[in-house]
Amino acid sequence: MANFKQSLLDALEDNRIEMIMPSREYTDNEIIFMRGYNQALKDMIEDYDNDIEDAIKQALTFSLN
């Protein structure tokens, strides 16, 4: 699970750096896509952080039902 989050963080950082210092010239559509991709990665990281807490709580909560 930690590898998944690290992969998301690495992709986010790589894309952020590419937007700051582009390796080539991008079209307006590509720049819009990259911004959307960054936001999607941020959302996935936030969801992961929220869901992992719930998964840990469920794993540690015992029920006889």
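Let me begin by describing the structure that accompanies this report. (Residues numbered from 1 in each chain as written. Predicted model: local features only at pLDDT ≥ 70, side-chain atom pairs only at ≥ 80, totals over all residues. Heavy atoms only, no water.)

Here we look at helix H2 (residues 28-60)
A turn of α-helix holds 3.6 residues, and therefore any two residues three or four places apart point the same way.
Right, so step 1: Look at H2: 48 Å from first C-alpha to last across 33 residues, which is about the 48 Å you get at 1.5 Å a residue.
Right, so step 2: Looking at H2, one finds that the buried residues are Met34, Asn38, Leu41, Ile45 and Tyr48.
Right, so step 3: Each element contacted by the buried residues of H2 is listed here: helix H1 (2-20). (Helix = DSSP H or I, 4+ residues; strand = E, 2+ residues; numbered from the N terminus. Expected span 1.5 Å × (residues − 1). Buried < 20%, exposed > 50% of the residue type's maximum accessible area, 1.4 Å probe, protein only. Contact = heavy atoms within 4.5 Å.)

A look at the packing of aromatic side chains
Right, so step 1: Taken as a whole and judged by the stated rule, the model has 2 aromatic pairs.
Right, so step 2: Measuring from centroid to centroid gives 5.9 Å for phenylalanine 4 and tyrosine 48, while their planes differ by 50°, and the two rings are tilted. Taken together, the residues span a long stretch of sequence, with phenylalanine 4 in helix H1 and tyrosine 48 in helix H2 at a distance of 44 residues.
Right, so step 3: Overall, phenylalanine 4 belongs to the partly exposed group, its relative accessible area being 41%.
Right, so step 4: Note on tyrosine 48: relative accessible area 14%, which makes it buried.
Right, so step 5: Look at phenylalanine 33 and tyrosine 37: their rings are 6.2 Å apart centre to centre, the planes differ by 5°, and that puts the pair in the stacked class. Placement of the pair is phenylalanine 33 and tyrosine 37 together in helix H2, with a separation of 4 residues, close to one helical turn.
Right, so step 6: We classify phenylalanine 33 as exposed; its relative accessible area is 60%.
Right, so step 7: Since its relative accessible area comes to 36%, tyrosine 37 is described here as partly exposed. (Phe/Tyr/Trp six-rings, centres within 6.5 Å; stacked < 30°, edge-to-face > 60°.)

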